[in-house]
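Listed here are the chains, written in short residue letters.
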Amino acid sequence: MVTKATIAKRDRIFVEKGQIDAYREMAGTTGTRWKKAKGADLPPFEDLKDVFLMATCLGLRAGRPTPLKNRQELARIGYFKEHADLAVLRAIAIAETRGVEVLADENKVFKIAEEYANTGFTELRRRVLGPGRPLVDLTSFLLEEYEHLFPTSQSQENQFEFIDNQTEHHEP
Amino acid sequence: MKLDSLTLTNFRQFYGDQTVKFARDSTRNVTIICGVNGAGKTTLLTALSWCLYGQDINASGELINKRALSETPVGFSVEMKVQAMFFHETERYSATRVLRADKISEKEWSHRELPFSVTRIRTDGQFQTVHNPMGIIESILPSSVSPYFFFDGEKIDQFTRPSHEEEVKYAVKQVLKIELLERARAHLAAVSKEYRQELAKHASGEFTTLLDKQGRLQDQLEKQRNSLETYQKEKTTAERQLSDIDERLAQVSAARELSQKRAQMEATLKAKENERDRLWESIKEWDNRGFIPLARPTIEKAVAILDEKRERGEIPPGIREQFVQDLLSRKRCICGRPIGEGSNEQIELTRLLGETIPSELENIVIQTAGDLRSLNATCVAIPEEIRSAMRRKVGVDDEIEEIQQKLDDISRSLEGSELEKVSDLERKRRECSGEIVRLAGDVGRTETLMEQLRIQLQEVESGISKAEVHAKQAKKLQRRFTLSSKAADAVDAICDVFAADMRQQIRKEAKSIFDTLIWKDSQFQDISISDDYHLEVLDRWGLPARRELSAGERQVLSLAFISGMSKVTGEEAPLVMDTPFGRLSSQHRENIATYIPEITKQLVLLITDEELHSTARANLEPRIDAEYELVFDQSTGCSSIRSVR
């Protein structure tokens, strides 16, 4: 029985140690790479939390969580959007525990998310930080995944040519 | 003139000594020199002209073979030479022009042209240096006429373009040796002057006056004649300048238009690129929400669990937690029934309390359930948003590529065009036009004046012949004076008539050649050469049809005119043609190949392989007596002449 206790809160999220740099790169918070970037050269993600959410959902597709060995703080949870971001994380926790009680403990909810993110991170980093342009690769990657998830009757039409056009290069 | 041989030494791309011996037989009079573009056909022609006439030719760039130049050590010199051997009226000549270059350093040269030399080779084998080499060449084949015998097939249609009348006139005069007539006239006038001066010694009174007057009139007439020639030449030059300026203006305004177009396109391009950037920003926004559809299966699972719980009444709880606790602490139900300690009601209520979830959690759960339901719709929307944004981006990509290609085309068109200031060109044009008007006035004025003078002169001359002369000696002088004056006047008149007659003959010859060479059922019926040497082709209504001539037909017209000229003069000059068939249809080529050897005493054709094949070649075959190939060596960048027949 759950008594009328306050909801256990968590105020930061963690990732596996060593992943931070890649997270920062994908969110565009490091390096000169993203200076004055425009259009297709933009960093793929707006914020660290967005990278985290994508990693988490990729981990979901893989189907198994990976516990963290050495954790490192990534960001504060306050940045998450209530109605979309947190709702999805809660859905994950509900589905994982097959119950709603888990929602009383934010620690648990986030732990589940972090472990899925850990699983999905490797694939995300591989697909986005490859030789091409991250935003272009991310988009093509997502559309591919969508095809697998919800194959449309017009799959042919939805195949965009993701050749990294030289013509899209902008002057620095 | 009949060419015997041409030897080049280090001329342009020809390294070392290269020789061509020309076909000279009366029936087998055709020499073929074959070479791909760039192998040196035009260079051969240039060499011939340079040898005979020197600086006059349009020679750009270094004339001396580059390989020979580089092989020369510093401090030494290298010689470039062209030697032309030819026959003229049973005499054999050798013309040699030499350019020597001294290598001062690796990059510095000093050029020295040695004196032009022409040697006459007598039948007994003796060599005789000609004292006035340039004069002899001018008399055999004047430089002004040479372009009509040694000609560049590419340039030939310039001949039939407007504002080339003076050139036509000059060419005709030279080729027909009208100059001889003019010299005769001048000579006679000089003789007449001498007699007049003699006569003046015996004259007196009125007679003297008349003689003086005649002398003065003659002098004035001569002066006017010279002025007229000068004005006419200047007018032609100005007209040509005007036509040049107009051409440049057209280029500039075309260039300016293209420039403007380019600027517009660049602005559009920038806008499109911005559009593309914005589309990517939009795509990025959607991508960042893109995790949601990935979680769809999980979301559906969670929603199912929540639905199940709701169905089972667990959420939202049928009874709120707070409400149950109030009941328990009040120990009374809302209906009023008491809830006793340890009663069934109390047990039931306590049990219920255990099954409710904390109110805080309750809120979260309700909220989550609601959020997840609306996220379901998002799951479908997001992929579609991304796809449609990508489709729009691809559309913009195509537009950008199209614009860039057009920009490339414009760049290429503008390349190499000198964009002079339009204002300068306009100013020059105005000046030029003004000058042409002024000169036209001068010409008209001078012609009128000359006419007046001639009339006055005739009056005076008739007065002189009638004048009373007493001494026998004086009478004899008077007769001779009259004779020479009249003869001078007669020759003066003859000049014009002769020119007109020659024009007619040339026209007839040219027409017959043109008929033979041009397509049989063409619309062109006649050729005319007007008084001011305007070359026209007339259609069957007698109207000028020059505009409708294709480039090839213009070439044929020029060819016909030149051939007509050479036939009328009976002049023995060889026709040396550089890529003459380039722009002609195969029918024209066949015709020309058949008839051209008959038009001239000696024919040299500088052609590419494709210009002359199958029927055209077969037609020419019986007349070919010498054939050469120009071989270009890629590795040395030099050409050589190889005999094939």
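For the structure, see preceding data.
For the structure given in this document, a descriptive report is provided here. This is a predicted model, so every value here is computed, not measured.

A word on the overall build of chain A. Of regular secondary structure, chain A possesses five helices and two strands. Residues counted as buried form 41% of the 172 residues belonging to chain A.

In this section: the nonpolar core. Ranked by internal contacts, the top residues of the largest apolar core, which has 82 residues, are Ile33(B), Ala47(B), Leu48(B), Phe149(B), Phe514(B), Ala560(B) and Leu605(B). Apart from residues lying up to four places away in sequence, Ala47(B) is in contact with Leu6(B), Leu8(B), Phe11(B) and Val82(B). Grouped together as the second largest cluster of nonpolar side chains are 68 residues, Met54(A), Leu89(A), Val100(A) and Tyr146(A) included.

Glancing now at unusual backbone geometry. All names here are of chain B. The phi torsion at Asn10 lies on the positive side, around 55 degrees, for a residue other than glycine. The residue Asn10 is located in the loop between strand 1 (2-9) and strand 2 (17-21) in this model. For Asn10, a count of 27 C-beta atoms within 10 Å puts it in the buried group. One non-glycine residue, Thr90, adopts positive backbone phi at about 65 degrees. On the secondary structure map, Thr90 appears in the loop between strand 4 (77-88) and strand 5 (91-103).

Moving on, we get to the packing of helix 3 (residues 82-97) of chain A against helix 8 (residues 296-311) of chain B. Between helix 3 of chain A and helix 8 of chain B, the shortest axis-to-axis distance is 8 Å and the interhelical angle comes to 65 degrees. The orientation of helix 3 of chain A with respect to helix 8 of chain B, classified from their angle, is roughly perpendicular. As helix 3 of chain A packs across helix 8 of chain B, the resulting crossing turns out to be left-handed. Here helix 3 of chain A contributes Val88(A), Ala91(A), Ile92(A), Ile94(A) and Ala95(A) to the contact with helix 8 of chain B, which in turn contributes Thr298(B), Ile299(B), Lys301(B), Ala302(B), Ile305(B) and Leu306(B). Residue composition of the contact of helix 3 of chain A with helix 8 of chain B, by class: nine nonpolar, one polar and one charged.

Looking now at the interface of chain B and chain A. Tallying the contact residues gives 44 residues for chain B and 45 residues for chain A. Counting residues per element, the ones that place at least two in the side of chain B that touches chain A are helix 6 (206-288), helix 7 (291-294), helix 8 and helix 11 (359-414) of chain B. The element that contributes the greatest number of residues to the side of chain B that touches chain A is helix 11 of chain B, accounting for 17 residues. By residue class, the composition of the side of chain B that touches chain A is 24 nonpolar, six polar and 14 charged.

All names here are of chain A. Residues of helix 1 (residues 20-27) that are buried: Tyr23, Glu25, Met26 and Ala27. Elements that come into contact with the buried residues of helix 1 comprise strand 1 (12-16), helix 2 (48-62), strand 2 (71-76), helix 4 (106-128) and helix 5 (134-149). Immediately downstream of helix 1, the backbone of Gly28 shows phi near 75 degrees, a positive value.

Here we come to the sheet that holds strand 9 (residues 150-152) of chain B. All names here are of chain B. In space, the six strands of this open sheet follow the order 9-12-13-3-14-15, with mixed pairing throughout. Both edges of this open sheet fall to strand 9 and strand 15 (638-643), since each of them pairs with a single strand only. Neighbour-to-neighbour, the strand axes of the sheet open up by a mean angle of 15 degrees, direction not taken into account. In terms of strand pairing, strand 12 (residues 575-578) meets strand 13 (residues 603-607) through four bridges, oriented parallel. Within strand 13, the position partnered with Val576 by the bridge is Val604.

This part covers helix 3 of chain A. Residue and element names in this part refer to chain A. With 16 residues, helix 3 ought to run about 22 Å at 1.5 Å a step, and its terminal C-alpha atoms sit 21 Å apart, in line with that. Of all 16 residues in helix 3, 12 are buried; the element is thus mostly enclosed. Buried within helix 3 we find Asp85, Leu86, Ala87, Val88, Leu89, Arg90, Ala91, Ile92, Ala93, Ile94, Ala95 and Glu96. In the stretch just after helix 3, Arg98 is the one whose phi turns positive, near 55 degrees.

For Ser566(B), the location among the structural elements is in helix 14 (residues 551-569). Ser566(B) sits 417 residues away from Phe149(B) along the chain, and the two C-alpha atoms are 8.8 Å apart.

The description of two helices packed together rests on the angle between their axes and the distance between the axes. All names here are of chain B. Interhelical geometry of helix 5 (residues 178-202) versus helix 6 gives an angle of 155 degrees and a closest axis separation of 10 Å. Judged on the interaxial angle alone, helix 6 and helix 5 are roughly antiparallel. Along this stretch, helix 5 crosses helix 6, giving a crossing that reads as left-handed. Between helix 5, through Ala189, Lys193, Arg196, Leu199 and Ala200, and helix 6, the contact on the second element is made entirely by Thr208, Leu211, Gln214, Gly215 and Gln218. For the contact of helix 5 with helix 6, the per-class residue count stands at four nonpolar, four polar and two charged.

Thresholds, definitions, all that
Residues numbered from 1 in each chain as written. Chains lettered and ligands numbered in written order. Predicted model: local features only at pLDDT ≥ 70, side-chain atom pairs only at ≥ 80, totals over all residues. Helix = DSSP H or I, 4+ residues; strand = E, 2+ residues; numbered from the N terminus. Buried ≥ 20, exposed ≤ 12 C-beta atoms within 10 Å, placed from the backbone. Core = buried A, V, L, I, M, F, W, Y, C linked by C-beta atoms within 7 Å. Contact = placed C-beta atoms within 7 Å. Axes fitted to C-alpha atoms, helices over the stretch in contact; angles between N-to-C directions. Parallel < 35°, antiparallel > 145°, perpendicular 65-115°, else oblique. Left-handed = near helix turned anticlockwise from the far one by under 90°. Nonpolar A, V, L, I, M, F, W, Y, C, P; charged D, E, K, R; others polar. Pairing = 2+ DSSP bridges. Expected span 1.5 Å × (residues − 1).

By themselves these figures say nothing about function.
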